[in-house]
Structure formats: structure tokens, C-alpha cells
Amino acid sequence: MVTKTKVKIDFSAPHQEYFVNGQQVAGTTTALRELNKPALLGWAWKEGKEGRSLNQKRDAAANIGTIAHEILCGRDKGYEIDNSNIAPDAWKAALDCVASYDSWAKGMDIKTLGAEVQLVSETYLYGGTLDKIAEVNGVSTLIDYKTGKSIYEEYFYQLAAYSQLAIENGYGIQKAIIVNIPKSSEDNFKVESMPVKSLFEHGYLDVFLGALKIYYAKKQIKDYKNGDKKDDFYEYAKEVSD
């Protein structure tokens, strides 16, 4: 029996950085922070109203989501998670998340082509890490794992950005899927999919590119206020996101 490598999750690891021709570019999730998140604001209000600590609840939920995500990606990349630095209740909750995914995947023919695939767009100057690229029932598909309460509109902006990265880098994906894995028994397992063509033709990619343009414009303002020399790269980046 082959023993798989054990990997410990670093919960304090910095965000992935992306570079095009040696110049750092925005990450997908960083650019999307320029948009308001109405679902997140509603959740924060509810937690406060019920007397729960927002940061505490958010951090605990984020850890469970991170653990479940790493377990799934580890399977595809051939390693297992070392849970020695994970609280038993968080580990159990993450395993329950994964079990709900397994129940869905059991009825599917899924052939993994890549996991945690880091890509950049030289066309629009941004980067991102795709959870999974696979053939699902014979269709080339991008799979994005989420562990929220539900599937929100802004997830599809991210999915469009990731689809652009995949297409631009030679992955001929036809469909994109959001797999929302519940973190507790109160939540429901949900899957929503959309043809990549629809993500591109019905405004989802445009919303992302708008956020990207705002990100680069605000970076220019920040650099100007800090007295930094004008960076033509970021002026160009703002223009190509049009």
C-alpha cells in the first residue's frame, strides 16, 4: 500500500501572488473586493442581532471551509491533510462537508485534469487559482468549491474570471460549476452550473472586468497620494480591462 504525503494546512499563509512579465497583477478575489457584497452584509447584521461575535463566527466558518477545500484538492494532487493542528470539532465538520460532496460526485463520471491550477491572463492582467478542471460526464468543466450558506450572484463573476483564465491558457472548458458544500446541518448542498458562453455573453465577465478596472484605478490614486512615480504598467492594466 502506497503511503500518501501528509500536508499540514498553514492557516496564516499569505494570499497567492500573480505576475505577468515580472510585474505583479491583481488576483481575481482581490479585484472582486471592489464590489459590494450584499449577502455578506446581511449575514453580518444577523450575527450581530443575535449577539454572536462576527469575527469569531467568520473565522471558525472560514477554517472549516479551508479544511474541506484542502481535503478535496489534496485528493486530486495525491496528498492527505495532517490534522494535528486542527481542532477535532472543525476536522469533523470538514469531513462532513467532504462527505456531502462525495454523495454528489458518486453519480458522476469525473476525470480530473488539474487541481489548484494557478493561471494568469496576459490579455487582462490578473491571475487566479482554479480549484479543479475536469471532464464531467464527458464535458470539459471548471469546478469551483464554495462553503457558504448559499450560492450568491457574485460567485458567478468569479466563475467568469476563472473561465477566462482557463480559455486563455488553452483549457477548452465548456461549462462551469459551483459546488456549494454545507459547513453545518443547517445548510444545504447545492450545485449550479452555467455554460462558459453564457458567462461571457451575459455580463458576468464584464462585471469582473469592471471591478478589475476600479482596482487598478484606485491603485493609481494610492500611488499618487503616496508620491510614488507614475507606473505606466498600471495605467495600461486599467485600459486593457475596458
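Check the entry above for the structure.
A quick note: this is a predicted structure, and the numbers were derived from the prediction, not measured.

Here is what the cut-offs are and how they apply
Positions within a chain are numbered from 1, following the residues in the order the chain's sequence is written. This being a predicted model, a pLDDT of at least 70 is required before a residue's local features are given, and a value of 80 or more before pairs of side-chain atoms are given or counted; all residues contribute to the totals for chains, interfaces and linings. Side-chain metrics rest on all non-hydrogen atoms present in the structure, leaving aside hydrogens and water. Think of it this way: any DSSP run of H or I at least four residues long counts as a helix, any run of E at least two long counts as a strand, and we number them from the N terminus. Accessible area is worked out with a 1.4 Å probe on protein chains only. A residue is then buried under 20% of its type maximum, exposed over 50%, and partly exposed in between. Whether two residues are in contact is decided by their heavy atoms, any of which lying within 4.5 Å being enough. Note on areas: these come from Shrake-Rupley sampling with a 1.4 Å probe, and a residue is covered only by the protein chains present in the view. In this analysis, rings of Phe, Tyr and Trp, with Trp reduced to its six-membered ring, are considered paired at centre separations within 6.5 Å, and the interplanar angle assigns stacked below 30 degrees, edge-to-face beyond 60, and tilted for intermediate values. Here, a charge over a ring means that NZ of Lys or CZ of Arg falls within 6 Å of the ring centre while also lying within 35 degrees of the ring normal. We call a set of buried Ala, Val, Leu, Ile, Met, Phe, Trp, Tyr and Cys residues a nonpolar core when their side-chain atoms join them within 4.5 Å. A fitted line through C-alpha atoms serves as each axis, taken over the contacting stretch for helices, and the angle formed by two N-to-C directions is quoted from 0 to 180°. When an angle is under 35 degrees it counts as roughly parallel; over 145 it counts as roughly antiparallel; between 65 and 115 it counts as roughly perpendicular; any other value is oblique. Ten residue types, Ala, Val, Leu, Ile, Met, Phe, Trp, Tyr, Cys and Pro, are classed as nonpolar, four, Asp, Glu, Lys and Arg, as charged, and the remainder, Gly among them, as polar. When DSSP finds two or more bridges between a pair of strands, those strands are recorded as paired. When the strands point away from the viewer and the connection leading from the first strand across the helix to the second strand turns clockwise, the crossover is called right-handed. Pairing of N or O atoms within 3.5 Å defines a polar contact, subject to two protein rules: one partner must be a possible hydrogen donor and the other a possible acceptor, and residues neighboring in sequence count only if both atoms are side-chain atoms. By definition, a salt bridge exists where a carboxyl oxygen of Asp or Glu is found within 4 Å of a side-chain nitrogen of Lys or Arg.

Asks: When you look at the overall build of the protein chain in this model, what are you seeing that I'm missing?
Replies: Looking only at helices and strands, one finds 8 helices and 9 strands in the protein chain. When each of the 242 residues of the protein chain is scored for burial, the buried share is 43%. Long-range pairs, those at least 24 residues apart, make up 66% of the contacts in the protein chain with a sequence separation of at least 6. With an accessible surface of roughly 13,300 Å², the protein chain has 50% of that area assigned to carbon and sulfur atoms.

Asks: Can you walk me through the packing of aromatic side chains in this structure?
Replies: Centre-to-centre distance and the angle between the planes together describe a pair of aromatic rings. Tallied over the full model, the rule gives 8 aromatic pairs. Note on Phe156 and Tyr204: the rings are 6.0 Å apart at their centroids and 50 degrees apart in plane angle, and the pair reads as tilted. Within this pair, whereas Phe156 is found in helix α5 (residues 153-168), its partner Tyr204 is found in helix α7 (residues 204-225), the two being separated by 48 residues in sequence. Where Tyr157 meets Tyr204, the ring centres are 6.3 Å apart and the plane angle is 40 degrees; that geometry is what we call tilted. In this pair, Tyr157 sits in helix α5 while Tyr204 sits in helix α7, placing the two residues 47 residues apart along the sequence. Overall, the relative accessible area of 16% leaves Tyr157 in the buried class. Looking at Tyr204, the relative accessible area reads 15%, which means it is buried. Site record: aromatic cluster; members linked through ring pairs are Tyr101, Trp104, Tyr145 and Phe189. Its guanidinium or amino end placed over the ring of Tyr155, Lys146 lies 4.9 Å from that ring's centre, counting from NZ or CZ.

Asks: Quick question: what am I supposed to make of unusual backbone geometry here?
Replies: When glycine is set aside, most residues are seen to have a negative phi, and most peptide bonds are trans. Non-glycine residue Asn21 carries a positive phi angle of around 50 degrees. Among the structural elements, Asn21 can be located in the loop between β2 (18-20) and β3 (23-27). Looking at Asn21, the relative accessible area reads 74%, which means it is exposed.

Asks: Explain the nonpolar core to me, please; I cannot follow it from the model alone.
Replies: Within soluble globular proteins, side chains that are nonpolar tend to cluster in buried spots. Grouped together as the largest cluster of nonpolar side chains are 37 residues, with contacts concentrated most on Leu130, Leu142, Phe156, Leu199, Phe208 and Leu212. Looking at this core element by element, the count peaks at 9 residues for α5. Ile64, Ala90, Tyr145 and Val179 belong to the second-largest nonpolar core, a separate cluster that totals 26 residues.

Asks: When you look at the packing of α5 against α7 in this model, what are you seeing that I'm missing?
Replies: Two quantities define a packed helix pair, namely the angle between the axes and the distance from one axis to the other. The contact between α5 and α7 brings their axes to 8 Å, and the two run at 85 degrees. Classed by the angle they form, the pair α5 and α7 counts as roughly perpendicular. Each of Glu153, Phe156, Tyr157, Ala160, Ala161 and Gln164 in α5 lies in contact with α7, whose residues at this interface are Tyr204, Leu205, Val207 and Phe208. Of the residues assigned to the contact of α5 with α7, the class counts are 8 nonpolar, 1 polar and 1 charged.

Asks: Sorry if this is basic, but what is going on with the pairing of strand β7 (residues 139-146) here?
Replies: Along any regular strand, the residues point their side chains to alternate faces of the sheet. Summarising burial for β7: 7 of the 8 residues are buried, a large majority. Where strand β6 (residues 126-136) meets β7, 5 bridges bridge the pair, whose relative direction is antiparallel. Paired with Val136 across the bridge in β7 is Val139. From the end of β6 to the start of β7, which pair antiparallel, there are 2 residues, and Asn137 there has a positive phi angle of about 50 degrees. After leaving β7, the chain enters α5 and then returns to the sheet as strand β8 (residues 175-180), a path that is right-handed.

Asks: Looking at this structure, I do not really get the side chain of Thr129. What am I missing?
Replies: Mapped onto the secondary structure, Thr129 falls in strand β6. Within the local environment of Thr129, its side chain forms a polar contact with the side chain of Tyr18, the two groups lying 2.7 Å apart. Here Thr129 is in contact with Gln16, Tyr18, Glu116, Val117, Gln118 and Tyr162, once residues within four sequence places are set aside.

Asks: I would appreciate a short explanation of the pattern of salt bridges in the present structure.
Replies: Any two side chains of opposite charge can pair, so long as their charged atoms come close to each other. Evaluation of the coordinates by the stated rule reveals 9 salt bridges. Between Lys6 and Glu80 there is a salt bridge, and its shortest N-O distance comes to 3.7 Å. Of this pair, Lys6 sits in strand β1 (residues 5-8) while Glu80 sits in strand β4 (residues 79-82), placing them 74 residues apart in sequence. Residue Lys146 is joined to Asp144 by a salt bridge in which the shortest nitrogen-to-oxygen separation is 3.3 Å.

Asks: Explain the environment of Phe200 to me, please; I cannot follow it from the model alone.
Replies: Tracing the sequence through the fold places Phe200 in helix α6 (residues 196-201). You can call Phe200 partly exposed: its relative accessible area is 26%. Sequence separation between Phe200 and Tyr157 is 43 residues, and the spatial gap between their C-alpha atoms is 9.9 Å. Residue contacts for Phe200: discarding those within four places in its chain leaves Ala160, Ser163, Gln164, Ile167 and Leu205.

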